Amino acid sequence: MESALEQLKKHTVVVADTGDFNAIEEYKPQDATTNPSLILAAAKMAAYQHLVDQAIKYGIAKGGPEEEQVTNTMDKLFVSFGLEILKKIPGRVSTEVDARLSYDKDEMVSRALGLIALYEEAGIKKDRVLIKLSSTWEGIQAGRELEEKHGVHCNMTLLFSFAQAVACAEAKVTLISPFVGRIMDWYKENTAQKSYEAHEDPGVISVTKIYNHYKKYDYTTVVMGASFRNTGEVKALAGCDLLTISPGLLGELSKDHSTVTPMLTVQKAKACDLEKVHLDEKEFRWQHNEDRMAVEKLSDGIRKFAADAIKLETMIKEKMLNVKNGQ
């Protein structure tokens, strides 16, 4: 009997959600995703100190004020991890723009183009990179501009509401990452129900609705479910375009020999009764604001990624000082 992971790969593109590229090879994913928290965790590992050191040398050599050197080091480090990951996968890597820019469209575009330039300097064409942006209104419009004007493919992250998904589809971004586990976390914390079967999981229900809407109305944006708490959530979304899964859960799926059947299909989506929705900025902001869970989780997600970016910066500043002092 094939493992659940092998069965899943027949219906869905499997993506590894990690900065620890040594953990990737075992599961043979198509793509990989990173974020500031994952890069921070990997940057603390002894195995990756050479990448941190190389990025610091690059940042110092670029010159400018300390803040600029740190920013250049951070971008170089994110790309360095991406380059190593691309050696181990056939597809694309997702690299995230600093979450502290989540409400600044022009600065997100600028930083994204800087990341793409670093990849291209290393010989990687932009079609193997997805730029991750927060799914704020400003982030979604940055995604629109990057796709339309620069041919840069975007992965819209921290996506919790149907309004965010609709706005992303209308912006014609390449891919969205609606979160599953973090939605369930919120419902466990804020309602009386403390456990969910996969089919009643609010995160699974959210992604299913988004997938059905996209397929029913032939949007080109694809759906990559993200942020899983257990393999039940993963299997309940079999058939989704892509699913990005942590190495821990990939390991569990590789040892699981239960039957996996596609739960999401284009045929089911075409038959569903969802109405087509159009959202301008005012309507987006209202609809998103009506979803308390999404408002709180988007804000919380941005804060957490920003906090981990600051921790990484602090680590880089200390190491940078040691290098400058010849230690």
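Before reading further, recall that the structure is shown in the block above.
A quick note: this is a predicted structure, and the numbers were derived from the prediction, not measured. (Residues numbered from 1 in each chain as written. Predicted model: local features only at pLDDT ≥ 70, side-chain atom pairs only at ≥ 80, totals over all residues. Heavy atoms only, no water.)

Side note on the nonpolar core
- Grouped together as the largest cluster of nonpolar side chains are 89 residues, with contacts concentrated most on Leu-77, Ile-176, Ile-245 and Leu-312.
- Take this core: its biggest share by element is nine residues, from helix 4 (residues 66–86).
- In contact with Leu-77, not counting residues within four places along its chain, are Ile-39, Ala-43, Leu-51, Val-52, Ala-55, Leu-312 and Ile-316.
- Counting residues in hydrophobic clusters, the runner-up holds 12 residues, among them Ile-183, Met-293, Leu-298 and Ile-302. (Core = buried A, V, L, I, M, F, W, Y, C linked by side-chain atoms within 4.5 Å. Buried < 20%, exposed > 50% of the residue type's maximum accessible area, 1.4 Å probe, protein only. Helix = DSSP H or I, 4+ residues; strand = E, 2+ residues; numbered from the N terminus. Contact = heavy atoms within 4.5 Å.)

As for helix 4
- Look at helix 4: 30 Å from first C-alpha to last across 21 residues, which is about the 30 Å you get at 1.5 Å a residue.
- Across the 21 residues of helix 4, 16 count as buried, placing the element largely inside the fold. (Expected span 1.5 Å × (residues − 1).)

Quick look at the pattern of salt bridges
- Scanning the model with the defined rule gives 21 salt bridges in all.
- One salt bridge connects Lys-105 with Asp-106, and the closest N-O pair in it is separated by 3.3 Å.
- Overall, the relative accessible area of 27% leaves Lys-105 in the partly exposed class.
- According to the relative accessible area criterion, Asp-106 is exposed, its value standing at 53%. (Salt bridge = Lys/Arg side-chain N within 4 Å of Asp/Glu carboxyl O.)

Remarks on the pairing of strand 6 (residues 175–178)
- Neither face of strand 6 is exposed, since Leu-175 and Ser-177 on one face and Ile-176 and Pro-178 on the opposite face are all buried.
- Across three bridges, the pairing between strand 5 (residues 154–159) and strand 6 is parallel. Its bridge partner lying in strand 6, Met-156 is registered against Ile-176.
- As defined by bridge partners, strand 6 adjoins strand 7 (residues 222–225) across two bridges and the pair is classed as parallel. What sits directly across from Leu-175, in strand 7, is Val-222. (Pairing = 2+ DSSP bridges.)

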